[in-house]
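# Structural overview
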Amino acid sequence: MDGQGKEGGNGAGGGSDHGNVVARAFVEYYYHTFDTNRAALAALYGHSSMLSFEGDRVAGAEEIGRKLAGLPFEQCRHVVCTVDCQPTPSFPGGILVFVSGNLQLAGEEHQLRFSQMFQLVPNVQGSFFVQNDIFRLNYG
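Residues numbered from 1 in each chain as written. Predicted model: local features only at pLDDT ≥ 70, side-chain atom pairs only at ≥ 80, totals over all residues. Heavy atoms only, no water.

### Here we look at helix 2 (residues 61–69)
Listed as buried for helix 2 are Ala61, Ile64, Gly65 and Leu68. The arc that holds every buried residue of helix 2, seen down its axis, measures 100°, which confines them to one face. (Buried < 20%, exposed > 50% of the residue type's maximum accessible area, 1.4 Å probe, protein only. Helix = DSSP H or I, 4+ residues; strand = E, 2+ residues; numbered from the N terminus. Arc of directions from axis to C-beta.)

Below, the structure is given as structure tokens:
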């Protein structure tokens, strides 16, 4: 958390050290998995989870997995620029994670800017699942 935009969200945003560690580990795992084995992402969601991807909403882990696997590109690479997090009092122990970065699609010359928000909620196994996920490309 050097203030240079790579990863933020410590004191000013209300995130705890534990929240920051969880958020960073989640973000690293999520984008690595997205870029290498997108079908495995469904396991990060639950039956009540929701995804909004460019305004298209789907619910439930199975439907979210289908949506992500069916995106109209096969290969991509995410470059995360910022990660900010906050605790979510409405879900005790939950973490709101906001990510900005660049997305490189195979065969495309220019990177696309994106923003993504995750609400991570503790599960009974002591880990987290993605309750909410909102993704948008940033144009202009």
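### Some remarks on the environment of Ala43
Along the chain, Ala43 falls in the loop between helix 1 (17–36) and strand 1 (45–53). Exposure remark for Ala43: the relative accessible area of 70% places this residue in the exposed category. For the pair Ala43 and Gly65, spaced 22 residues apart in the sequence, the C-alpha separation amounts to 8.1 Å.

### A word on the pairing of strand 2 (residues 56–59)
Two strands pair when backbone bridges link them, and strand 1 and strand 2 are joined in this way by 4 bridges, in the antiparallel orientation. Paired with Phe53 across the two strands is Asp56, which belongs to strand 2. Counting the residues in the hairpin turn of strand 1 and strand 2 gives 2 residues, including Glu54, whose phi is positive at 55°. (Pairing = 2+ DSSP bridges.)

### Description of the confidence of the model for the chain
Model confidence for the chain is summarised by a mean pLDDT of 89, while 89% of its residues fall at 70 or above. Segment residues 1–14: pLDDT under 50, and 29 contacts once partners within four positions in sequence are set aside and those in other chains are kept. (pLDDT = per-residue confidence, 0-100. Contact = heavy atoms within 4.5 Å.)

### What about the sheet that holds strand 3 (residues 76–88)?
The sheet built from 6 strands is open, its strands ordered 2-1-6-5-4-3 with mixed pairing. Either end of the sheet is taken by a strand with one partner, and the two such strands are strand 2 and strand 3. Direction aside, the axes of adjacent strands within the sheet are offset by 15° on average. In the sheet, strand 1 pairs with strand 6 (residues 128–138) via 5 bridges, with the strands oriented parallel. By the bridge assignment, Met50 is partnered in strand 6 with Asn132. Lying on the sheet, helix 1 is in contact with strand 1, strand 3, strand 4 (94–105), strand 5 (112–122) and strand 6; it crosses strand 3 at an angle near 155°. (Axes fitted to C-alpha atoms, helices over the stretch in contact; angles between N-to-C directions.)

### Observations concerning the packing of aromatic side chains
Inspection of every chain in the model, using the stated rule, returns 9 aromatic pairs. Ring centres 6.3 Å apart and planes at 70° place the aromatic pair Tyr31 and Phe118 in the edge-to-face group. In this pair, Tyr31 is assigned in helix 1 and Phe118 in strand 5, connecting sequence segments 87 residues apart. Both residues of the pair, Tyr31 and Phe118, count as buried. Members of the aromatic cluster, connected to one another through ring pairs, are Phe26, Tyr30, Tyr31, Phe34, Phe53, Phe114, Phe118 and Phe135. (Phe/Tyr/Trp six-rings, centres within 6.5 Å; stacked < 30°, edge-to-face > 60°.)

### Things to note about the side chain of Gln116
Turning to its location among the elements, Gln116 is positioned in strand 5. In this structure Gln116 comes out as buried when scored by relative accessible area, which is 2%. Within the structure, the side chain of Gln116 is placed 2.7 Å from the side chain of Tyr31, a separation counted as a polar contact. Within the local environment of Gln116, its side chain forms a polar contact with the side chain of Asp133, the two groups lying 2.7 Å apart. Apart from residues no more than four positions distant in its own chain, Gln116 is found in contact with Tyr30, Tyr31, Val97, Phe98, Val99, Asp133, Ile134 and Phe135. (Polar contact = N/O pair within 3.5 Å; in protein donor to acceptor, adjacent residues only side chain to side chain.)

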